[in-house]
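Single-letter residue listing:
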There are 2 protein chains.
Amino acid sequence: MTRQVDFFFDFSSAFSYVAQGKLDSFEKNHGLRFRWRPFSLGAVFKETGGAPPTPDTLKGRYIYHDVERSAREIGLPYVWPKPFPFNSILAARAFYVIAESDPRAAVAFARAVFHASYGQGKDCGDPMVFLGLAVELGIDRAALTAALGGDEARARLKAATDEALARGIFGAPMFVVGDELFWGADRLDQLARWVERGGW
Amino acid sequence: MTRQVDFFFDFSSAFSYVAQGKLDSFEKNHGLRFRWRPFSLGAVFKETGGAPPTPDTLKGRYIYHDVERSAREIGLPYVWPKPFPFNSILAARAFYVIAESDPRAAVAFARAVFHASYGQGKDCGDPMVFLGLAVELGIDRAALTAALGGDEARARLKAATDEALARGIFGAPMFVVGDELFWGADRLDQLARWVERGGW
């Protein structure tokens, strides 16, 4: 029996990159199926007063180190995108545009954006960069570019972000199964136990 | 081969309570030995600009729920001490006073403080409460009370807190092996893998 888990993420969240590198093994070994849901972490931070970590504090320094260490543990290449954080809004809208006609292609696109950003350090805040990735996946560049400027693309990302807030999401990555939230790439083990035991 | 891990904690940190409930199994199954090191998280927050979570934000609400869920997962009783957070300074000084003559008794005292606070909801900010726990462990109440007021007890807690800051500690619980920090009750698994693999 497969259990669906919502994977709320932002392309500009380094731990979301680490998390997506673990999903295949959790799908294979724990009967989970992840539904990819990019949202705007910046918009959520505006509502909740949150902020991304910066490397100029003890906590920020730890978190920067921890991202690199956590990626290395699972053999995931890691470089800091430049700039970081980058503007992830347009790439997230592109995800939803692609998903409307082809959900699998949208996930492939999301993986490509993560890899280009954190595996190669590219700036996926630049539409030229992520449009190039879409083209490599066989997605029509002109159609995607046109849709990106439209109200619908904007509305879809806003709806996902509003839903995230309504479900209590304040950070990324966040995994949601039923009403239960699990925050962080390091909580997939606990989530899998939760599903296996039917909660506790 | 046993590997020593420093366990930096504050009695007033709910996740430190969850963490101490896991230590026995990690000592038994992963060849770790924990050195208990209470420090003043309040003093560290003053230096680093940190703050304890409060349940009136989305993030705080999640954290409060997560503490309870994480305790429940390992069968640890959980109630919120009243008040919370409580003033943990004197109990931490008592730990170091006891440790000077009997390190094992100090750990037994720390476990008793955690259990009274989060298993029974008692206020271990009140010296009457934690002195009673010490007496039950056969510790001389008059001698402990006298030492608590002295400069040496104060200096020992301050030294541990200064050391925590010098080693980059900004929160609790924090596990330290070599120069490597692992923050959170949920990182013991990763720490055990780190030790087993000799880092990565």
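Undergrad: Which residues make up the overall build of chain A, and what values do they have?
TA: Of regular secondary structure, chain A possesses 10 helices and 4 strands. Along chain A, helices (α) and strands (β) appear in the sequence β-α-α-β-α-α-α-α-α-α-α-β-β-α when read from the amino end. Taking the principal axes of the C-alpha coordinates as reference, chain A spans close to 50 × 45 × 35 Å. Going through the 200 residues of chain A one by one, you find that 50% of them count as buried. Summed over its atoms, the accessible surface of chain A is roughly 9100 Å², and 53% of this surface lies on carbon and sulfur atoms.

Undergrad: Pulling in residues and values, what's your account of the interface of chain A and chain B?
TA: Each side of the interface is counted separately: chain A has 25 residues, and chain B has 25 residues. Here chain A meets chain B over a buried area of about 2600 Å², counting both sides, of which 47% is carbon and sulfur. Taken together, the connections running from chain A to chain B amount to 8 salt bridges. Two residues, B:D66 and A:R187, come together in a salt bridge whose shortest N-O distance is 2.8 Å. Secondary structure elements with two or more residues in the side of chain A that touches chain B: helix 4 (58-73), strand 4 (180-183) and helix 10 (188-197) of chain A. Considering each element in turn, the side of chain A that touches chain B owes the most residues, 9 residues, to helix 4 of chain A.

Undergrad: Lay out unusual backbone geometry in plain terms, naming residues and giving numbers.
TA: All names here are of chain B. The residue after F84, namely P85, is reached through a cis peptide bond having omega -10 degrees. Among the secondary structure elements, P85 is positioned in the loop between helix 4 (58-73) and helix 5 (89-101). Note that the residue after A172, namely P173, is joined by a cis bond; omega there is -5 degrees.

Undergrad: Please give an account of the side chain of B:S13 that cites residues and values.
TA: All names here are of chain B. Looking at the secondary structure, you find S13 in the loop between strand 1 (3-9) and helix 1 (14-20). We classify S13 as buried; its relative accessible area is 7%. In this structure S13 touches L41, F114, Y118, A172 and P173, once residues within four positions along its chain are discounted.

Undergrad: A description of the relation of the copies chain A and chain B should follow, citing residues and the corresponding values.
TA: Between chain A and chain B, the superposition needs a rotation of 180 degrees and an axial shift of 0.0 Å, giving an RMSD of 0.0 Å. The relationship between the two copies is best expressed as a two-fold rotation axis. The C-alpha atom lying nearest the rotation axis in chain A is that of A:D186; the distance is 3.9 Å. Of all interface residues in chain A, 100% are interface residues in chain B too; the two copies therefore contact each other through one and the same surface.

Undergrad: Requested: an account of the nonpolar core, with residues and values cited.
TA: Residues and elements named next belong to chain A. Within the largest apolar cluster, 71 residues are counted, with the highest numbers of intra-cluster contacts made by F11, F34, W36, F130, L144 and F175. Considering each element in turn, this core owes the most residues, 9 residues, to helix 6 (residues 103-119). Setting aside its immediate chain neighbours within four residues, F11 contacts F86, S88, A91, A92, A110, V113, F114 and Y118.

Undergrad: Give me the lowdown on the pattern of salt bridges, citing residues and values where you can.
TA: All names here are of chain A. By the definition in use, this model includes 26 salt bridges over all chains. Of the charged contacts, one joins D66 and R69 as a salt bridge, the two residues approaching to 3.1 Å between their closest N and O atoms. Here R69 and D66 lie together in helix 4, a separation of 3 residues that amounts to about one turn. Across the pair, exposure class does not vary: D66 and R69 are buried alike. Salt bridges linked by common partners bring D6, R35, R37, E163 and R167 together as one network.

Each value, and the rule that gives it
- Residues numbered from 1 in each chain as written.
- Chains lettered and ligands numbered in written order.
- Predicted model: local features only at pLDDT ≥ 70, side-chain atom pairs only at ≥ 80, totals over all residues.
- Heavy atoms only, no water.
- Helix = DSSP H or I, 4+ residues; strand = E, 2+ residues; numbered from the N terminus.
- Buried < 20%, exposed > 50% of the residue type's maximum accessible area, 1.4 Å probe, protein only.
- Areas by Shrake-Rupley, 256 points an atom, 1.4 Å probe, with all protein chains shown as cover.
- Contact = heavy atoms within 4.5 Å.
- Buried area = accessible area lost by both parts, 1.4 Å probe.
- Salt bridge = Lys/Arg side-chain N within 4 Å of Asp/Glu carboxyl O.
- Least-squares fit on C-alpha atoms with pLDDT ≥ 70 in both.
- Core = buried A, V, L, I, M, F, W, Y, C linked by side-chain atoms within 4.5 Å.

Purely geometric stuff here, so don't read any function into it on its own.
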